[in-house]
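Structural overview for review
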Amino acid sequence: MFNSNFEPRTSNLELWGDFVQIDVFTLFPEMFSGPFDTSIIKKAREKRLLSVDLINIRDFSRNKHHTVDDTPYGGGAGMVMGADAIFEAADRLRDRRGGIGRFVYMSPAGVPLHQGMVRDFSSESHLVILCGHYEGVDQRVRDRLVTDEVSIGDYVLTGGELPAMVLVDAVARLIPGVLGEAASAEEDSFSDGLLEYPHYTRPRVYRGMEVPEVLLNGHHEQIRLWRRRQSLLQTLASRPELLAGAPLADEDRVILKQAVIDLEKLGLPEEIGKKQKRRKEGNPESRIQNPE
Ligand code: ADE
């Protein structure tokens, strides 16, 4: 029932500290074995910083054929994931863990995931993630069990398993000790509200493309300024809407103003605006028609 590969370190939520326990309610536990048994997530589990238990919802179905879906009251196409097996599994989990932390339902109708939410989830010692299927889940699960409903984007997947993996991965890398370099999580895109600056490694010249001179001179302040400028310009070019929410210093504003003046000379802000509009609106045919 509880995947024996994913044993918790302790059942006492109080004692966990930086350790995060994630319990995933799914109809397809086998989907998780690749991503959770590889690379950083695997190491985080081995280091006992993270424990992921996979709970097969079907095991808690009390009907003869272990089905978990049913036709919707009121009619309509498709099937709905019933409340019973999910409530039963949650009851068992509550007994086993001594409580339930946040209960996250992955759904295209949820709040779009962003790094601030990931940071918030990573500060919890216990998360339950429910992977939806079919047309969605009985509303009583959402009303009574779910604390957070999360989407990974405005598109519909066949189930919540891939979104759950995305969330676990994003949360895991913020648990102290999971990433080798303490700095690397702090410096990534979004951690300061901006996109990341460009990175280079050897060789110095590759197919005629040179590493910017400033990165080679060992002058830390110049490198810091160059990287900051690049972050600002990258954000302005790709995600200008992020600038409104990013904490900007006066020197950042000077850099951005100058960049906009330079771009205006080239007629580019209009291009950025158009790109933004296309991104926001997308192709009308590709918009979600019926999120759960
Ligand atoms: N389930 C199906 N599509 C999803 C999405 N975009 N985000 C979260 N859960 C989902």
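Above this text is the structure in question.
Sheet faces and side chains relate simply in a regular strand, where the side chains alternate between the two faces. The element strand β1 (residues 20-26) is extensively covered by neighbouring structure, given that seven of its seven residues are classed as buried. Here β1 shows no split at all, with Val-20, Ile-22, Val-24 and Thr-26 on one side and Gln-21, Asp-23 and Phe-25 on the other all buried.

Let us look at the nonpolar core. Counting 45 residues, the largest nonpolar core has Val-24, Phe-25, Ala-89, Val-104, Ile-129 and Leu-130 as its most contacted members. Looking at this core, the elements with two or more residues in it are β1, α2 (39-46), β2 (50-56), β4 (80-81), α3 (83-97), β5 (102-112), β6 (126-131) and α6 (161-172). Broken down by element, this core gets its largest block of residues, six residues, from α6. Excluding residues within four positions of it along the chain, Leu-130 makes contact with Phe-25, Ile-86, Phe-103, Val-104, Tyr-105, Met-106 and Gly-160.

Once that is clear, we can look at helix α8 (residues 220-238). The first and last C-alpha atoms of α8 sit 27 Å apart over 19 residues, in line with the 27 Å expected at 1.5 Å per residue. Within α8 the residues assigned to the buried category are Ser-231, Leu-232, Thr-235 and Leu-236. Down the axis of α8, the buried side of the element spans an arc of 130°, and every buried residue falls inside it. Packed against the buried residues of α8 are α9 (250-266).

The environment of the ligand is made up of Met-106, Ser-107, Pro-108, Gly-132, Ser-151, Ile-152, Gly-153, Tyr-155, Val-156, Leu-157, Gly-160 and Pro-163. Sort the elements by how many residues they give to the shell around the ligand and β5 lands first, with three residues. Counted by class, the shell around the ligand contains seven nonpolar, five polar and no charged residues.

A word on the sheet that holds β1. The five strands lie next to each other as β2-β1-β6-β5-β7, forming an open sheet whose pairing is parallel. Each edge of the open sheet carries a strand with a single partner, namely β2 and β7 (148-151). Taken over all neighbouring pairs, the strand axes of this sheet differ in orientation by 30° on average, direction set aside. As judged from the five bridges shared by β1 and β6, these two strands associate in the parallel manner. Looking across to β6, one finds that Phe-25 is bridged to Leu-130.

Quick look at the packing of α8 against α9 now. The contact between α8 and α9 brings their axes to 10 Å, and the two run at 50°. Our classification of the angle between α8 and α9 gives oblique. The hand of the α8/α9 crossing is right-handed. Note on element contacts: α9 touches α8 through Asp-252, Ile-255, Leu-256 and Ala-259, opposite Arg-229, Leu-232, Leu-233 and Leu-236. Here the contact of α8 with α9 is composed, by residue class, of six nonpolar, no polar and two charged.

Quick notes on the rules
- Residues numbered from 1 in each chain as written.
- Predicted model: local features only at pLDDT ≥ 70, side-chain atom pairs only at ≥ 80, totals over all residues.
- Buried ≥ 20, exposed ≤ 12 C-beta atoms within 10 Å, placed from the backbone.
- Helix = DSSP H or I, 4+ residues; strand = E, 2+ residues; numbered from the N terminus.
- Core = buried A, V, L, I, M, F, W, Y, C linked by C-beta atoms within 7 Å.
- Contact = placed C-beta atoms within 7 Å.
- Expected span 1.5 Å × (residues − 1).
- Arc of directions from axis to C-beta.
- Near = placed C-beta within 6 Å.
- Nonpolar A, V, L, I, M, F, W, Y, C, P; charged D, E, K, R; others polar.
- Pairing = 2+ DSSP bridges.
- Axes fitted to C-alpha atoms, helices over the stretch in contact; angles between N-to-C directions.
- Parallel < 35°, antiparallel > 145°, perpendicular 65-115°, else oblique.
- Left-handed = near helix turned anticlockwise from the far one by under 90°.

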